[in-house]
Amino acid sequence: MIARGALAGLAGGVAFGAAMARLGMLETVGSIVRAESSVAGFAVHMVIAAVIGALFGLLMNGQDPRAGQTLLWGLVYGALWWFLGPLTILPLLLARPVAWDLGSAQALFPSLVGHLLYGVVTALALAALLLAGPRIRRREGLGPAMIRGVAYGFMAWLAVELTLRPLIADGELGWAPAFAKAAAGALPAYLLGGAAALGAVTWTSGLRRALFTDNIRLLRQEGAGPRSLRAMGHGALAGLVGGLAFTLIMLPLGLLPIIARLVGGDSTGVGLLIHLLIAQIIGISYALLFQGRSFDPASALGWGVSYGFLWWMLGGLTLLPLLLGAPPGWNAPAMAAAFPSLIGHLAYGAALGIVYYRLESRVSPWWISRNRLEEDRAEQGRLQTLGSAPALWTITVLIALTVPLLLGG
């Protein structure tokens, strides 16, 4: 795995190095060895790429080797090395202070895109080298598929809006912060479009299995009706708790009177009632989409926060402005201005996920022993971890907390 990771890292290094040459970044890397030339910088860059790739191969040992799973881990790995490399280690090697401030991070946005490119190419190359590896087969639910679609939409935005389109139009990479801010208006469309597309594919696949499967071992022992009704009740209660957590953020910001305008009111009390009703409806949708996908508090928190971010994009930036007669907040300044609302949505999702997990974990059908239920939940949680679920949660937090600040801060 170390050798394969090093080879994959070289592939990622070539892709990143080509971009660095266009952006004039290789000389900075060469200064690490006191040789400020593009040739020396490329040589140092490739050595670093191979070493980091070897570590990635070691970390991926035992994980699901499929390209779709490895790709998401590569995206996370590239983002991690952006924080460790240009923001931390490189300044220290050059006897400079670490770049742990918003201005420095914004200036290094092109490097972030490059590190993400490195992670994606390295992951795909490693997956190609592991084609003969074992496969972990586990059907993905509709909710997790939508979150995966958000991650794919983010990658598509980077590839199309910041890379291919400016290359074709002007022959240059659009990785500069100013260009990325101008392209931020397309980001929500890519994220929501990715969630809708992958959700539709997963729903169609599940419907086909439900209609045409003849393997009785795949059928659940409990009817869909009672199971869904119970989940909806749990989701409504969990959504109410999440809505109360969100209220603690909405009150100081004066957002509740804005919510009241949805029904022609303008008071805090009316806004609170409408807000809690919406919170319960979203909680019910979470229960239906993520039922049986939270196996421990970590996975509950991950899916809940991810769903909260999706609703910030769909609700806070899109539906709410449209219902109030305003255009969607699909631009960098609007995303930056809505950052407090984003924190509220993440808090709502965290409370929703944890409370729903606690309610769901208490259900134990009489025909299944408690020990057997816990063993099955532990095994399903292990398989989820060996896939890319933790990477999905990390990518969602990365997009949620980093992109609005870097593009609109």
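The structure we're discussing is the one just above.
How each quantity is defined
Residues numbered from 1 in each chain as written. Predicted model: local features only at pLDDT ≥ 70, side-chain atom pairs only at ≥ 80, totals over all residues. Heavy atoms only, no water. Helix = DSSP H or I, 4+ residues; strand = E, 2+ residues; numbered from the N terminus. Buried < 20%, exposed > 50% of the residue type's maximum accessible area, 1.4 Å probe, protein only. Contact = heavy atoms within 4.5 Å. Patch = residues over 30% accessible without salt bridge, like charges linked within 9 Å, V, L, I, M, F, W, Y side chains within 5 Å. Areas by Shrake-Rupley, 256 points an atom, 1.4 Å probe, with all protein chains shown as cover. Salt bridge = Lys/Arg side-chain N within 4 Å of Asp/Glu carboxyl O. Core = buried A, V, L, I, M, F, W, Y, C linked by side-chain atoms within 4.5 Å. Expected span 1.5 Å × (residues − 1). Axes fitted to C-alpha atoms, helices over the stretch in contact; angles between N-to-C directions. Parallel < 35°, antiparallel > 145°, perpendicular 65-115°, else oblique. Left-handed = near helix turned anticlockwise from the far one by under 90°. Nonpolar A, V, L, I, M, F, W, Y, C, P; charged D, E, K, R; others polar. Polar contact = N/O pair within 3.5 Å; in protein donor to acceptor, adjacent residues only side chain to side chain.

Colleague: Looking at this structure, I do not really get the side chain of S306. What am I missing?
Modeller: By secondary structure assignment, the location of S306 is in helix α13 (residues 297-323). Owing to a relative accessible area of 2%, S306 belongs among the buried residues under this scheme. In contact with S306, not counting residues within four places along its chain, are I147, W393 and T396.

Colleague: Honestly, a nonpolar patch on the surface in this entry has me stumped. Any pointers?
Modeller: Together, I2, L55, L58 and L59 make up an exposed nonpolar region whose accessible area comes to about 360 Å². Mapped onto the fold, L55 is located in helix α3 (residues 38-59). The exposure class assigned to L55 is partly exposed, which follows from its relative accessible area of 36%.

Colleague: Would you mind going over the pattern of salt bridges with me for this structure?
Modeller: Two side chains carrying opposite charge are able to pair once their charged atoms lie near each other. Per the stated rule, a full pass over the model turns up one salt bridge. Close ionic contact of R165 with E161 constitutes a salt bridge, the shortest N to O distance being 3.2 Å. Pair noted here: R165 and E161 are both in helix α7 (residues 142-170), with a separation of four residues, about one helical turn. Residue class for R165 comes out partly exposed when judged on its relative accessible area of 48%. Taking relative accessible area as the criterion, E161 reaches 10% and is therefore assigned buried.

Colleague: For this particular structure, what's the right way to read the nonpolar core?
Modeller: Ranked by internal contacts, the top residues of the largest apolar core, which has 75 residues, are F154, L162 and F309. A per-element tally of this core places helix α17 (residues 389-408) first, with 11 residues. Residue contacts for F309: discarding those within four places in its chain leaves V150, L191, L342, L346, T396, I399 and A400. Listed in part, the 18 residues of the second largest apolar core include M25, I52, F56 and Y77.

Colleague: Any chance you could explain α3 here in plain terms?
Modeller: Two residues of an α-helix separated by three or four positions point the same way, owing to the 3.6 residues in each turn. For α3, built from 22 residues, the straight-helix expectation of 32 Å at 1.5 Å per residue is met to within 8% by its first-to-last C-alpha distance of 31 Å. For α3, the complete set of buried residues consists of A40, G41, V44, H45, M46, A49, A50, I52, G53, A54, F56 and G57.

Colleague: Would you mind going over the packing of α3 against helix α4 (residues 67-93) with me for this structure?
Modeller: Between two packed helices, the angle of one axis relative to the other and the distance separating the axes together describe the packing. Running from amino to carboxyl end, α3 crosses α4 at an angle of 135°, the nearest separation of the two axes being 12 Å. When the interaxial angle is binned, α3 and α4 end up oblique. In the packing of α3 onto α4, the handedness of the crossing is right-handed. Contacts between α3 and α4 pair I52, L55, F56 and L59 from the former with T70, W73, G74, Y77 and W81 from the latter. Its residues assigned to classes, the contact of α3 with α4 comprises seven nonpolar, two polar and no charged.

Colleague: Help me understand the side chain of H45 in this model?
Modeller: Along the chain, H45 falls in helix α3. A distance of 3.4 Å separates a polar side-chain atom of H45 from the backbone nitrogen of G17.

Colleague: I tried to follow helix α15 (residues 339-361) on my own but got confused; where do I start?
Modeller: Taking 1.5 Å per residue, 23 residues should reach 33 Å; α15 reaches 33 Å between its end C-alpha atoms and fits that length. Burial of α15 is extensive: 17 of the 23 residues sit out of reach of the surface.

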